[in-house]
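Inside the fold
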Amino acid sequence: MSTLAPSVAAVRVAVRRALADVPRGELVLVACSGGGDSLALAAATAFVAPRLGLRAGLVTVDHGLQPGSAERAAAVARWAASVGFAPVEVATVTVAGRPGGPEAAARKARYEALVRVAQTTGAVAVLLGHTRDDQAETVLLALARGAGPRGLAGMPPVRRLDGVSLIRPLLDLSRQQTRDACAALGLRPWEDPHNVDPAYARSRVRHEVLPVLVRALGPGVVSNLARTAKLIAADTEALDALARSALASARVAPDRLDVAVLADLAPAVRTRVLHAWSRELGAPAAALSHHHVAALDALVTDWRGQGPVHLPGGIRVTRRGGNLVAAR
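Description of the structure in this document. (Residues numbered from 1 in each chain as written. Predicted model: local features only at pLDDT ≥ 70, side-chain atom pairs only at ≥ 80, totals over all residues. Heavy atoms only, no water.)

1. Structural notes on the overall build of the protein chain
When helices and strands are counted, the protein chain shows 12 helices and 11 strands. With respect to the three principal axes, the spread of C-alpha positions in the protein chain is 75 × 50 × 40 Å. Out of the 328 residues belonging to the protein chain, those deemed buried represent 43%. Within the protein chain, residue pairs in contact and separated by at least 24 positions form 66% of the contacts whose partners lie at least 6 positions apart. Carbon and sulfur atoms form 56% of the exposed surface of the protein chain, whose accessible area is close to 16,400 Å². Taking the average place of the 39 positive charges on the side chains of the protein chain and the average place of its 27 negative ones, the gap between the two points comes to 2 Å. (Helix = DSSP H or I, 4+ residues; strand = E, 2+ residues; numbered from the N terminus. Buried < 20%, exposed > 50% of the residue type's maximum accessible area, 1.4 Å probe, protein only. Contact = heavy atoms within 4.5 Å. Areas by Shrake-Rupley, 256 points an atom, 1.4 Å probe, with all protein chains shown as cover. Lys, Arg positive; Asp, Glu negative; His and termini not counted. Charge placed at Lys NZ, Arg CZ, Asp CG, Glu CD.)

2. Some remarks on the pattern of salt bridges
Pairs may arise between side chains of opposite charge once their charged atoms sit close together. All chains considered together, the criterion is met by 13 salt bridges. Across the pair aspartate 134 and arginine 206 runs a salt bridge whose closest N-O atoms are separated by 3.2 Å. Linking aspartate 134 in helix H5 (residues 132-145) with arginine 206 in helix H8 (residues 201-217), this pair joins segments that are 72 residues apart in sequence. Per residue, the accessibility class of aspartate 134 equals that of arginine 206, and both read buried. Residues glutamate 137 and arginine 175 are paired through a salt bridge, measuring 3.0 Å at the closest nitrogen-oxygen approach. Remark: arginine 175 occurs in helix H7 (residues 175-185) and glutamate 137 occurs in helix H5; sequence separation between them is 38 residues. With respect to burial, glutamate 137 and arginine 175 carry one shared label: buried. Where salt bridges share partners, they join Asp134, Glu137, Arg175, Arg202 and Arg206 into one cluster. (Salt bridge = Lys/Arg side-chain N within 4 Å of Asp/Glu carboxyl O.)

3. What about the nonpolar core?
Core analysis: the largest hydrophobic core is formed by 32 residues, its most contacted members being Val15, Leu19 and Leu127. Elements with a contribution of two residues or more to this core: helix H1 (6-19), strand E1 (27-31), helix H2 (36-51), strand E2 (55-62), helix H3 (69-82), strand E4 (125-127) and H7. It is H2 that contributes the most residues to this core, eight residues altogether. Those residues within four positions of leucine 127 in sequence are excluded, and the remaining contacts are Val15, Leu19, Val28, Leu29, Val30, Ala31, Leu41, Thr45, Ile167 and Pro169. Ranked by size, the runner-up nonpolar core spans 25 residues in total, among them Leu247, Leu274, Val309 and Leu324. (Core = buried A, V, L, I, M, F, W, Y, C linked by side-chain atoms within 4.5 Å.)

4. Some points on the environment of arginine 107
Here arginine 107 is to be found in helix H4 (residues 102-121). The exposure class assigned to arginine 107 is partly exposed, which follows from its relative accessible area of 39%. Along the chain, arginine 107 and glutamate 237 lie 130 residues apart, while their C-alpha atoms are 24 Å from each other.

5. Here we look at the sheet that holds E4
In spatial order, the strands read E3-E2-E1-E4-E6-E5; together these six strands make up an open sheet with mixed pairing. In this open sheet, the two strands that pair with only one neighbour each are strand E3 (88-92) and strand E5 (158-161). Ignoring strand direction, the axes of neighbouring strands in this sheet form an average angle of 25 degrees. As paired strands, E5 and strand E6 (residues 164-167) are joined by four bridges and run antiparallel to one another. (Pairing = 2+ DSSP bridges. Axes fitted to C-alpha atoms, helices over the stretch in contact; angles between N-to-C directions.)

6. What about the environment of alanine 106?
Along the polypeptide, alanine 106 turns up in helix H4. Sequence separation between alanine 106 and threonine 94 is 12 residues, and the spatial gap between their C-alpha atoms is 8.3 Å.

7. Considering the packing of H5 against H8
Orientation of H5 relative to H8, taken along the N-to-C sense of each, is 95 degrees, at an axis distance of 10 Å. Relative to H8, the element H5 lies roughly perpendicular. Contact residues: H5 offers Asp134, Ala136, Glu137, Thr138, Leu140 and Leu141, while H8 offers Ala201, Arg202, Val205, Arg206, Val209, Leu210 and Leu213. Grouping the amino acids of the contact of H5 with H8 by side-chain chemistry returns eight nonpolar, one polar and four charged. (Parallel < 35°, antiparallel > 145°, perpendicular 65-115°, else oblique. Nonpolar A, V, L, I, M, F, W, Y, C, P; charged D, E, K, R; others polar.)

Okay, here's the thing in structure tokens:
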């Protein structure tokens, strides 16, 4: 009897744990580019899902950014159908003309497509192939941007987006483990040329920055960065819970907050309250920056009769009569 490769077993165990609470009979989708991470994830899901009483489908996104991308997507779809995935969907997206840099635009287009396919097929979740290495890269990129705790918390294991659960089963596994799993199963991953293109920030972190850190500080750097994200995520969740309660206490009306209540809050909680309130008022998350929240905070803690704070979305916040008052 052949022995199961440790890498294959590790990926299957990770998928089984991630799907343990999904009710029997439900449909889950695997997002698969054909790369090593998502291919190993797909192979494991094809094995695990039926044994948990789940239906497994697969979606591959064609970004149209490279010659032959349609053929690559079709090849992934043929493989998926051959190993029992149903449904199998190819989602073609347009990246050009979207706001932001090419990485951000492609990512937004991809997630929109994944959610759309999940909603169309009735899937309750989409499984994503991000690994511990991806998490470490995300933390380094967040540090470089000067991100706060929410950015340093990295990618969550589970995220809800428009009613669909996005699940990342492989965040505790290394990229090498997924490559080893593919090799053990006789699968040949597709190597995305963008992953080695120095024009992309994540590629530079992957191939230039992280290797330098590993050489200087040892191989534990990747695991330590990923563990840092997990610890910060737990702290952020606790602070967010405090902020939700504090927002309810400070609320005078939907468009008014009590300055005295806000002033008594710890800064980490108060800024979260102001950020959450701004989102409630309609400020787009992508446009709402640290500078906007700091200006709101100054209305509470550094009041000198200054004028209104202008938030994205055409929202104006003033301090009047002991309250922060919002208007459009």
